[in-house]
Amino acid sequence: MTVNDALFQYTLRLGDTNLILGQRLSEWTGHGPFLEEDLALTNITLDITGTAKSLLEYAALVEGKSRTADDLAYLRNDRHYFNAQITELPNGDYARTIVRQAIIDCFDFYFYTELAKSKDETLAGIAQKSIKEVTYHLRHTASWVERFGDGTEESHNKAQTALNELWQYTGELFEMNEIDEILIKEGIAVDLNLVKAKWEQYMTDLLQKSTLVKPENVFMQTGSRKGIHTEYLAFILAEMQALPRMYPDAKW
Amino acid sequence: MSDNQGPVWEIFLQKKAGQPFVHCGSLHAYDKEMALQNARDLYTRRGEGISIWAVPSNAIIASSPEDIGPFFEPSNDKVYRHPTFYQIPDAIGHM
Amino acid sequence: MEINKFEEVFEGKLAKNEMVEPKDWMPENYRKHLIRQISQHAHSEIVGMLPEGNWITRAPSLRAKVVLLAKVQDEGGHGLYLYTAAETLGISRDELLTNLHTGKAKYSSIFNYPTLTWADIGAVGWLVDGAAIMNQVMLQRASYGPYARAMVRICKEESFHQRQGFEIMTHLAFGTADQKAMAQDALNRWWYPTMMMFGPPDADSPNSENAVKWRIKRETNDQLRQKFVNQTVPQVEYLGLTVPDVNLKWNEAKKGYDFSEPNWVEFKNVISGNGPCNKERLAARNKAHDEGAWVREAAQVFAKKRSEVYAAA
């Protein structure tokens, strides 16, 4: 694998993760638990979808085969998507959406902090913009984790259930393969082991503050690095890609 | 506890450093941190501000329309509070 | 002060084009009318999120997706500004929402029509927002301060909405034959419902007279409708589409178009719950509200716990 191939795949992985997460979150717009929070979550959705767009535009450029970001988003099938599986899971109730979001926001915060130092200037630039956004996302979702954890018995149970069910998808976030190896050597990619320690620490503190129990000894799901997904992704893509697939000659 | 939308907060925004905080609207939030975050998410979506005050609506003491006479008219005839009331010799220039 | 004296001050303000503020005395009918008008407007924004939100996950490009997200979010923000304006008249958000959820309060009939294709998202932005903006521009000078101020903010933010819709229509109308057909179909279905947005003809409009007198409406339904047609027909022509009205004709004498009235029987039915999507829209609002109940309760309880902690510290 050439460095350029690795960079393309790596950027796709990051772009896809943001795209699919944004797609899921956007299902909440207009249906939030109250109006102020509906708008707040949509701001997060907008940031994340914007990041996806920047990353896929860059991936298209790196690939150099005159595909566009939209081609990458709308004309690839699920086996060629590399988003982390946790992003494609259904939103569930609001506790589940918030817990997932906190897990990812925390990961993103430390991840993009590292990526901002990348020797690849474009990735570093996208990361620098993203850090500011993600810092706020994490503040928002962490405060909700705390409210749910230390709110009512019902909210506590819902948050704990979400945590127990989602934890098996967190291992994937830190998996590294040949792509990472090649790019770490070039000073382009992030060593996810560095991120993992910080993420663990933050989550431990947050969950403790929220009176929630961190799941231990969980068997981790895996697959997305190889384009293997849950059953949900193909449905997400069927919906998202419907128009461009139905009207292949059309421009929108 | 009965369901409700939470207390109303009044939001004040500062547009640029050094400028006064100006009332921009209201919103609902259940606690202080949420009030601040909701204000950010609602009232600064287009870069309208750099700093926020969130004040519980019920903490605001407002004058009444009937106060308009006794409160504000007495100051209308205190011309000596304005710089134009005073004559400065031309030789002094700007003061 | 005697009640007459209060009334004199109030009328004086209206006569001098001054604003009425929340603490000012106002006639009970004025207050009631305002609460009804502002809350209907707020509900329309919130319910209006649904037909457009329907296409967020299917927006055909990444650009279209973020634009639509931002737009639907803006509608939510506008609903929020208007709810808080209504609250200054002494009604709570909870009451306002209960009125919506139980079907007691009305909202714009237009949002009871379905968005069947992507072109409908274009048509809604172009026609529906175009029609709404006409009303809103006028309401920036409404006599009630909080309402007028909310409208100023809304108008500023709305300015991109109509352009967004027209841009979608442009891509479709100048795109493939399939896309153009999609655009014409959307125009066919949205033209008359949009005309209905201005309300019944002046002769049958029970609330108009007071509203104009109180400056919470400054042009009549028919005047606004005429203005809308005059403004929109050239845009339709630019797109190479056809207005679905055989009677549409320029009238040199009135310097405006003659056009067919929408079907007012349909209008009355849609308003009173028999539109194609009334039940779905209300069900969606109720579902979001009901499923959010435990979230709001958790936030309430948490805030109470923390304020006790603060007090003890």
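This is a predicted model, so every value here is computed, not measured. (Residues numbered from 1 in each chain as written. Chains lettered and ligands numbered in written order. Predicted model: local features only at pLDDT ≥ 70, side-chain atom pairs only at ≥ 80, totals over all residues. Heavy atoms only, no water.)

1. Observations regarding the overall build of chain A
Here is step 1: Within chain A one finds 11 helices and zero strands.
Here is step 2: Counted from the first residue to the last, chain A has its helices and strands arranged as α-α-α-α-α-α-α-α-α-α-α.
Here is step 3: Computed over the C-alpha atoms, the radius of gyration of chain A is 18 Å, within 12% of the 18 Å expected from 2.2 N^0.38 for a compact globule of 252 residues.
Here is step 4: Principal axes of the C-alpha set define a box for chain A whose edges measure 55 × 45 × 30 Å.
Here is step 5: The burial tally for chain A puts 62% of its 252 residues in the buried class.
Here is step 6: By sequence separation, contacts in chain A at least 24 residues apart represent 80% of the contacts at least 6 residues apart.
Here is step 7: Counting every atom, chain A has about 10,000 Å² of accessible surface; 53% of that belongs to carbon and sulfur. (Helix = DSSP H or I, 4+ residues; strand = E, 2+ residues; numbered from the N terminus. Rg over C-alpha atoms; globule rule 2.2 N^0.38 Å. Buried < 20%, exposed > 50% of the residue type's maximum accessible area, 1.4 Å probe, protein only. Contact = heavy atoms within 4.5 Å. Areas by Shrake-Rupley, 256 points an atom, 1.4 Å probe, with all protein chains shown as cover.)

2. What to know about the overall build of chain C
Here is step 1: Tallying secondary structure elements over chain C gives 12 helices and two strands in all.
Here is step 2: Going from N to C terminus, chain C has its helices and strands arranged as α-α-α-α-α-α-α-α-α-β-β-α-α-α.
Here is step 3: Radius of gyration (C-alpha) of chain C: 21 Å, near the 20 Å computed for a compact globule of 313 residues.
Here is step 4: For chain C, the spread of C-alpha atoms along the three principal axes comes to 70 × 50 × 35 Å.
Here is step 5: Within chain C, the fraction of its 313 residues that count as buried is 57%.

3. Considerations on helix α5 (residues 94–115) of chain A
Residue and element names in this part refer to chain A.
Here is step 1: Along its 22 residues, α5 runs 30 Å from first to last C-alpha, staying within 8% of the 32 Å computed at 1.5 Å per residue.
Here is step 2: Summarising burial for α5: 20 of the 22 residues are buried, a large majority.
Here is step 3: Measuring from the backbone nitrogen of Ala95 back to the side-chain oxygen at the start of α5 gives 3.1 Å, which picks out Asp93 as the cap. (Expected span 1.5 Å × (residues − 1). Polar contact = N/O pair within 3.5 Å; in protein donor to acceptor, adjacent residues only side chain to side chain.)

4. As for the interface of chain A and chain C
Here is step 1: Chain A puts 49 residues into the contact, and the matching count from chain C is 45 residues.
Here is step 2: The contact between chain A and chain C buries some 4,000 Å² in all, and 69% of this surface belongs to carbon and sulfur atoms.
Here is step 3: When the buried area of chain A at its contact with chain C is split by residue, Leu35, Leu39 and Trp252 of chain A rank highest and sum to 16% of it.
Here is step 4: Our enumeration of links across chain A and chain C arrives at four salt bridges. (Buried area = accessible area lost by both parts, 1.4 Å probe. Salt bridge = Lys/Arg side-chain N within 4 Å of Asp/Glu carboxyl O.)

5. Some remarks on the packing of helix α5 (residues 118–139) of chain C against helix α7 (residues 177–196) of chain C
All names here are of chain C.
Here is step 1: At a minimum axis separation of 9 Å, α5 and α7 run at an interaxial angle of 35°. Along this stretch, α5 crosses α7, giving a crossing that reads as right-handed. Contact residues: α5 offers Trp118, Ala119, Asp120, Ala123, Val124, Trp126, Leu127, Val128 and Ala131, while α7 offers Met182, Ala183, Ala186, Leu187, Arg189, Trp190, Trp191 and Thr194.
Here is step 2: Here the residues of the contact of α5 with α7 sort into 14 nonpolar, one polar and two charged. (Axes fitted to C-alpha atoms, helices over the stretch in contact; angles between N-to-C directions. Left-handed = near helix turned anticlockwise from the far one by under 90°. Nonpolar A, V, L, I, M, F, W, Y, C, P; charged D, E, K, R; others polar.)

6. Concerning helix α8 (residues 178–185) of chain A
Residues and elements named next belong to chain A.
Here is step 1: Among the residues making up α8, those that are buried are Ile179, Asp180, Ile182 and Leu183. Looking down the long axis of α8, one finds its buried residues gathered within 165° of arc, a one-sided arrangement. Relative to its buried face, α8 has exposed residues pointing more than 90 degrees away, namely Glu181 and Lys185.
Here is step 2: Where α8 starts, the residue carrying a side-chain oxygen 3.1 Å from the main-chain nitrogen of Ile179 turns out to be Asn177.
Here is step 3: Looking at the residues trailing α8, positive phi occurs at Gly187, about 75°. (Arc of directions from axis to C-beta.)

7. Remarks on the packing of aromatic side chains
Here is step 1: Enumeration according to the criterion identifies 31 aromatic pairs over all chains in this entry.
Here is step 2: Aromatic pair Phe21 of chain B and Trp53 of chain B: ring centres 4.0 Å apart, planes at 5°, arrangement stacked. Taken together, the positions of Phe21 of chain B in strand β2 (residues 21–28) and Trp53 of chain B in strand β3 (residues 51–56) put the pair 32 residues apart, joining distant regions of the chain.
Here is step 3: Among the residues examined, Trp53 of chain B registers a relative accessible area of 47% and is labelled partly exposed.
Here is step 4: When the ring centre of Trp144 of chain A is taken as origin, the NZ or CZ atom of Arg147 of chain A, which lies over that ring, is 4.7 Å away.
Here is step 5: It is Arg153 of chain C that lies over the ring of Tyr81 of chain C; its NZ or CZ is 5.5 Å from the centre. (Phe/Tyr/Trp six-rings, centres within 6.5 Å; stacked < 30°, edge-to-face > 60°. Lys NZ or Arg CZ within 6 Å of the ring centre and 35° of its normal.)

8. A few points about the sheet that holds strand β1 (residues 8–14) of chain B
Residues and elements named next belong to chain B.
Here is step 1: With antiparallel pairing, the three strands of this open sheet are ordered in space as β2-β1-β3. Bordering the open sheet on either side are β2 and β3, each of which pairs with just one other strand. On average, each strand axis in the sheet is inclined to that of its neighbour by 25°, with strand direction left out of account.
Here is step 2: With six bridges joining them, β1 and β3 adopt antiparallel strand pairing. Across the sheet, residue Phe12 finds its bridge partner in β3, namely Trp53.
Here is step 3: Strands in contact with helix α1 (residues 32–43) are β1, β2 and β3; relative to β2, the strand with the most contacts, it is inclined by about 110°. (Pairing = 2+ DSSP bridges.)

9. Considering the pattern of salt bridges
Here is step 1: Applying the stated criterion across every chain, the model contains 39 salt bridges over all chains.
Here is step 2: Salt-bridge contacts for Arg76 of chain A lead to Asp16 of chain A; the nearest nitrogen and oxygen are separated by 2.7 Å. With Arg76 of chain A in the loop between α3 (69–74) and α4 (85–88) and Asp16 of chain A in helix α1 (residues 3–26), the pair connects residues that are 60 residues apart, well separated along the chain.
Here is step 3: According to the relative accessible area criterion, Arg76 of chain A is buried, its value standing at 5%.
Here is step 4: Lys158 of chain A is paired through a salt bridge with Glu154 of chain A; the nearest N and O atoms lie 3.0 Å apart. With Lys158 of chain A and Glu154 of chain A both in helix α7 (residues 153–166) and four residues apart, this pair spans about one turn of that helix.
Here is step 5: Salt bridges here are not isolated pairs; linked through shared partners, they connect Glu146, Asp150 and Lys209 of chain A together with Lys305 and Arg306 of chain C.

10. Some remarks on the environment of Phe6 of chain C
Here is step 1: Looking at where Phe6 of chain C falls in the secondary structure, it is placed in helix α1 (residues 3–15).
Here is step 2: Through-space distance from the C-alpha of Phe6 of chain C to that of Met26 of chain C is 7.8 Å; in sequence the pair is 20 residues apart.

11. Comments concerning the interface of chain C and chain B
Here is step 1: With 25 residues of chain C at the contact, the number on the chain B side is 23 residues.
Here is step 2: Note on chain C versus chain B: buried area summed over both sides is about 2,200 Å², and carbon and sulfur give 51% of it.
Here is step 3: Inspection of the chain C/chain B interface yields five salt bridges.
Here is step 4: The shortest N-O distance in the salt bridge between Arg45 of chain B and Glu157 of chain C comes to 3.4 Å.
Here is step 5: Our enumeration of links across chain C and chain B arrives at 12 residue pairs in polar contact (both at pLDDT 80 or more).
Here is step 6: Mapped onto the side of chain C that touches chain B, the elements with two or more residues apiece are α3 (62–87), α4 (93–101), α6 (145–173) and α12 (293–312) of chain C.
Here is step 7: Sort the elements by how many residues they give to the side of chain C that touches chain B and α12 of chain C lands first, with nine residues.
Here is step 8: Classifying every residue of the side of chain C that touches chain B by side-chain character gives 10 nonpolar, five polar and 10 charged.

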